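Chain and residue survey
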Amino acid sequence: MTTPASTSRTPSTSPPGGNAQAAIGEPSAAARAAKDALTTALLVIGLGTPIVLIQTQQSGAGVTLEWRFGLLASLAAIAFAARFLWLTLIAPWLATRRPLEIGARLSPTTLAWAKRAVLAFVVLYPFIALALAGKGGAIKWIDNFGIQLLIYVMLGWGLNIVVGLAGLLDLGYVAFYAVGAYSSALLATTVGLSFWLCLPLAGILAAFWGILLGFPVLRLRGDYLAIVTLAFGEIIRLVLINWVDFTGGYAGISGIPRPTFFGLPFNASDEGFAAFFGLQFTPLHRLIFLFYLILALALITNYVTIKLRQLPIGRAWEALREDEIACRSLGIDTVTTKLTAFSIGAMFGGFAGAFFAARQGFISPESFIFMESAVILAIVVLGGMGSQLGVAIAAVVMIGGTELLRELNWLKQVFGPEFDPTKYRMLLFGLAMVIMMVWKPRGLISTRAPSISLGEAKAVSGAFVKEGHG
Amino acid sequence: MANKGAPLLSVEHLTMRFGGLVAIDDLSFQAHRGDITALIGPNGAGKTTVFNCITGFYTPTAGRIALAHAPATTAADIETLTNSGKRWADTDSASLYLLERMPDYEITAKAKIARTFQNIRLFTGMTVLENLIVAQHNALMRASGWTILALVGAPSFKKAEAEAVARAGLWLEKINLIHRADDPAGDLPYGDQRRLEIARAMCTSPVLLCLDEPAAGLNPKESLELNALLRTIRDEHETAILLIEHDMSVVMEISDHVIVLEHGAKISDGTPDFVKNDPNVIAAYLGVEDDEEAAAEAEIDRLAAAAKSGPTGEGGVP
């Protein structure tokens, strides 16, 4: 490092694109980038000609064609500029940076404080929303962003047990969410049980269905397991649609009683929550209560998962993900190990379902489509399989991000009143998946924290951790 | 080498067929307490298949594999258990197991047989310590009250876990890996991974340790360390060893008893010195001498001609 001769060899000191000086006769970096960007633009024109260039217009009896040369040209220009900027500025800048690993570069104390700060923010969130957005605006922020997000965080943490820890690829997780929601709704509307009884019962029933699904798929691995669990999810949904007498079919179940605050309902009556505490009635009370309820449920899920990871059962799950044959050679009964993972994961899905039913007051099979399973699985995979923090971040980004699209109505002034940003939800979702898989194929947090250590615990690099075969 | 009364493991008339292929053909052998028994033979002789039958990864087509924990067990006990239709007899005088009836995990959990694999199967994403703790799963599971007691923070589990960690530490010191306890197992060099896999198997407290080519890929120094480790296991623990090995320096150095397989059948059985000088073994490993081979070919030709002329000579079918 001290010898001056070495400076030309150290990569950090060479400017981006500086390798152009290396060989005479080679075109400069800018020229090569321009050529590359031109190819990209031509590709856009080639692809866009059939897709973008011609638009059919319904006019009277026939169809007329509208040629949109301007649009195609502007798209090509955008592609050219983006590719050129990427090659000349962004890519060299990224190359000089070390790969980002959340948590790895922070000291444990900083991380602990960051966790506490986040927890404090989440606990105070309804009041922060209330203070910033006022009584009218806070409803949206507490309901859509707070409660909605926490449901997905909880579902992600529940599925994380099955997929992230035990390595069993489950594409039908929404089935347990549905079982929880429907069993809780039916118990409440037909038997008349209160939410606080329905909640544990829904969890137990979902766990039971988890075991029921577990048995036939015990011998299946990888792709086959994924297909069977996907089919299971669809079977549950189809039963909910077609068993009209029991589930109400497409009409669903309505009039599900709302959770009470130790017997005090959230309504304007004299026995209500507001009257009892001498407050003015507002629907915000119920929302804030629901927010803390789902927060508590999610934190319980998190706590139990963290605890289980440090117990023999959790270690057996992770060992199962690493190598099933080695597990059996060590005397671990893989059948019960898989079934416990399925049932405990399903149980948390059932709790979330019971909460969902009570929060909505109305459920129908449309809430439990395959897309939901896919979103929850995407949260687990993007977060980094097995990482509680990663799953939480991924849920916030994916669900919060798509919710934020609703806030982009000002874009209508740019693209015209027809423009609806929420329609691009799936497109952005897919784009985020592709980018993540290229940038961090093992998810946001790919390192694994050891469950026990002799000395100071060191994170295990994702390169060693296996993802499971089924 | 305490008591050599009843055999620890007796394999009788073991046969394993895969479709039309006969991998093991009516094989019988015994492994004794306190012995290192080596199973050798050319590639494809069926050694690993024998291992997979003993450890329950395959269910044999026919035959009996009996494991007797106590030397007092008699042949009559084995017959009684076989006829009873049960998988094991767990009495004070004799714990007896019929391995061909038991699933793989039960063989490790109840009959106390541990194994390693030809291609190392460590939990690479878990730390060295975690690998050894997972091996003590069944004992810890009982101590945790099937998770429920441990979830509410029972002190008995804390104690059991501390004991498990201590036991793991003991083995890590034996294999000189204590300084790497908190590193991922996948990060260890190859020779260390081999020894860690043996230590992990030993953490299940086995009475019989089955090692599938433990010296494969080791350099001479590591081979010597392995010999020492295997001797320690035999002498200081009540664990007999059954091993498959190609490295003759390991086999002849440490084995008390050698069994030679070829084409799924036993061709020699005895002390290392006996086996070393057995003409059958020499023929199997080195091939037969040229003139003997010529004689054998002539014999085959004669038999083939006889077989061909057989039906026609008889006059055949009208």
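Remember, predicted model here, so these are calculated numbers, not experimental data. (Residues numbered from 1 in each chain as written. Chains lettered and ligands numbered in written order. Predicted model: local features only at pLDDT ≥ 70, side-chain atom pairs only at ≥ 80, totals over all residues.)

Here the focus is the overall build of chain B. Secondary structure summary: chain B contains 13 helices and 11 strands in total. Per-residue burial for chain B yields a buried fraction of 44% across its 318 residues. Within chain B, residue pairs in contact and separated by at least 24 positions form 68% of the contacts whose partners lie at least 6 positions apart. (Helix = DSSP H or I, 4+ residues; strand = E, 2+ residues; numbered from the N terminus. Buried ≥ 20, exposed ≤ 12 C-beta atoms within 10 Å, placed from the backbone. Contact = placed C-beta atoms within 7 Å.)

The helix and strand inventory of chain A stands at 16 helices and 4 strands. Seen through its C-alpha atoms, chain A measures out along the principal axes to roughly 85 × 75 × 50 Å. A total of 470 residues make up chain A; the buried ones form 38% of that total. Taking as baseline every contact in chain A between residues at least 6 positions apart, the subset at least 24 positions apart corresponds to 72%.

Residue and element names in this part refer to chain B. On the basis of which strands lie adjacent, the open sheet formed by 6 strands has the order E7-E8-E9-E3-E10-E11 and mixed pairing. What marks the edges here is a single partner per strand, and that holds for strand E7 (113–115) and strand E11 (265–270). Pairs of neighbouring strands in the sheet enclose a mean axial angle of 15°, with direction left out of account. Pairing of strand E3 (residues 36–40) with strand E10 (residues 257–262), which is carried by 4 bridges, proceeds in the parallel orientation. Residue pairing in the sheet places Leu39 in a bridge with Ile259 of E10. Helix H12 (residues 279–286) contacts E10 and E11 of the sheet and is inclined by roughly 130° relative to E11. (Pairing = 2+ DSSP bridges. Axes fitted to C-alpha atoms, helices over the stretch in contact; angles between N-to-C directions.)

The next subject is the packing of helix H5 (residues 195–217) of chain A against helix H12 (residues 334–360) of chain A. Orientation of H5(A) relative to H12(A), taken along the N-to-C sense of each, is 145°, at an axis distance of 7 Å. When you trace H5(A) past H12(A), the crossing you get is right-handed. (Left-handed = near helix turned anticlockwise from the far one by under 90°.)

Turning our eyes to something else, we now look at the domain arrangement of chain B. Residue and element names in this part refer to chain B. Annotation of chain B at the domain level lists domain 1 (1–112 + 205–305) and domain 2 (122–204). If you average the C-alpha positions of domain 1 and of domain 2, the two centres end up 29 Å apart. Mapped onto the side of domain 1 that touches domain 2, the elements with two or more residues apiece are helix H3 (104–111), strand E8 (208–212) and helix H9 (220–236). The dominant element in the side of domain 1 that touches domain 2, judged by the number of residues it contributes, is H9, at 4 residues. The class makeup of the residues in the side of domain 1 that touches domain 2 is 8 nonpolar, 4 polar and 1 charged. (Domains from an automatic or database assignment. Nonpolar A, V, L, I, M, F, W, Y, C, P; charged D, E, K, R; others polar.)

Residues and elements named next belong to chain B. Pairing is antiparallel in the open sheet, where 5 strands are placed in the order E2-E1-E4-E6-E5. Sheet topology places strand E2 (21–31) and strand E5 (88–90) at the edges, where each strand pairs with a single neighbour. For this sheet, the mean inter-axis angle between neighbouring strands, taken without regard to orientation, is 15°. Note: E5 against strand E6 (residues 95–98), 3 bridges, orientation antiparallel.

In this section: the confidence of the model for chain B. Close inspection of predicted coordinates is inappropriate for parts of the model with low pLDDT. Residues and elements named next belong to chain B. Looking at chain B, pLDDT values average 82 and 89% of them are 70 or higher. By mean pLDDT, the top-scoring element of chain B is helix H4 (residues 128–134) (93), and the lowest-scoring one is helix H13 (residues 290–313) (63). Note that pLDDT drops below 50 for residues 310–318; the model gives that stretch 1 contact with residues more than four away or on any other chain. Reported confidence for the predicted complex is 0.82 by ipTM and 0.80 by pTM. (pLDDT = per-residue confidence, 0-100.)

Another aspect to go through is the interface of chain B and chain A. Taken together, the contact between chain B and chain A spans 32 residues of the former and 33 residues of the latter. Residue assignment for the side of chain B that touches chain A shows that the elements contributing at least two residues are H3, H4, helix H5 (137–143) and helix H6 (148–151) of chain B. In terms of residue class, the side of chain B that touches chain A is made up of 14 nonpolar, 12 polar and 6 charged.

Another aspect to go through is the pairing of strand E9 (residues 240–244) of chain B. All names here are of chain B. Burial of E9 is extensive: 5 of the 5 residues sit out of reach of the surface. Pairing between E3 and E9: 4 bridges, direction parallel. By the bridge assignment for E9, Ala38 is matched with Leu243. With H9 bridging E8 and its parallel neighbour E9, the resulting β-α-β unit is right-handed. (Right-handed = clockwise from strand over helix to strand, strands pointing away.)

Once that is clear, we can look at the confidence of the model for chain A. Of the residues in chain A, 91% reach a pLDDT of 70 or more, and the chain-wide mean stands at 83. Low confidence marks residues 1–23 of chain A, where pLDDT is under 50. Its contacts with residues over four positions away, or in another chain, come to 10 contacts.

Time to look at the pairing of E8(B). Residues and elements named next belong to chain B. A large share of E8 lies buried, amounting to 5 of its 5 residues. Burial along E8 is two-sided: Leu208, Cys210 and Asp212 facing one way and Leu209 and Leu211 facing the other are all buried. When E8 meets E9, the two strands line up parallel, connected through 5 bridges. Opposite Leu208, over in E9, you have Ala240 as the bridge partner.

The next thing to look at is the environment of A:Leu169. Residues and elements named next belong to chain A. Mapped onto the elements, Leu169 comes out in the loop between helix H3 (108–165) and helix H4 (174–191). The class for Leu169 is buried, based on 23 C-beta atoms found within 10 Å. Residues Leu169 and Asp223, spaced 54 residues apart in sequence, show a C-alpha to C-alpha distance of 8.1 Å.

Take the packing of H4(A) against H5(A) next. Residue and element names in this part refer to chain A. In contact at an axis separation of 8 Å, H4 and H5 are set at 140° when each is read in the N-to-C sense. Judged on the interaxial angle alone, H5 and H4 are oblique. Crossing of H4 over H5 shows right-handed handedness. Each of Phe176, Val179, Gly180, Ser183, Ser184, Leu187 and Ala188 in H4 lies in contact with H5, whose residues at this interface are Phe195, Cys198, Leu199, Leu201, Ala202, Gly203, Leu205, Ala206, Trp209 and Gly210. (Parallel < 35°, antiparallel > 145°, perpendicular 65-115°, else oblique.)

Tracing the sequence through the fold places A:Ala374 in helix H13 (residues 370–383). Separated by 144 residues in sequence, A:Ala374 and A:Leu230 have C-alpha atoms that sit 9.7 Å apart.

For the rest of this paragraph, the subject is unusual backbone geometry. Residues and elements named next belong to chain B. Even without being glycine, Asp26 reaches a positive phi, approximately 50°. Checked against the element boundaries, Asp26 lands in strand E2. Asp26 sits in the partly exposed class, given 14 other C-beta atoms within 10 Å. Despite not being glycine, Lys112 has its phi angle at roughly 65°, a positive value.

The next thing to look at is the nonpolar core. Of all hydrophobic cores here, the largest spans 188 residues; its most connected members are A:Ile151, A:Met154, A:Ala178, A:Ile294, A:Ala395, B:Leu67 and B:Leu208. The element that contributes the greatest number of residues to this core is H3(A), accounting for 18 residues. Once you skip the residues sitting within four places of it in the chain, B:Leu208 turns out to touch B:Leu8, B:Leu9, B:Ala31, B:Leu67, B:Ile113, B:Thr239, B:Ala240 and B:Leu242. Judged by nonpolar contacts, the second largest core, of 7 residues, contains A:Ala41, A:Ala76, A:Ala79 and A:Leu87. (Core = buried A, V, L, I, M, F, W, Y, C linked by C-beta atoms within 7 Å.)

All names here are of chain A. Over its 21 residues, helix H6 (residues 222–242) extends 30 Å from the first C-alpha to the last, a length consistent with the 30 Å expected when each residue adds 1.5 Å. Of the positions making up H6, those classed as buried are Leu225, Thr229, Phe232, Gly233, Ile236, Arg237 and Leu240. Along the axis of H6, the buried residues cluster in a sector spanning 125°; they form a single face. Those residues of H6 that are exposed and aimed more than 90 degrees away from the buried face are Asp223, Leu238 and Asn242. In the core, the buried residues of H6 are packed alongside H4, H5, helix H7 (244–247) and H13. (Expected span 1.5 Å × (residues − 1). Arc of directions from axis to C-beta.)

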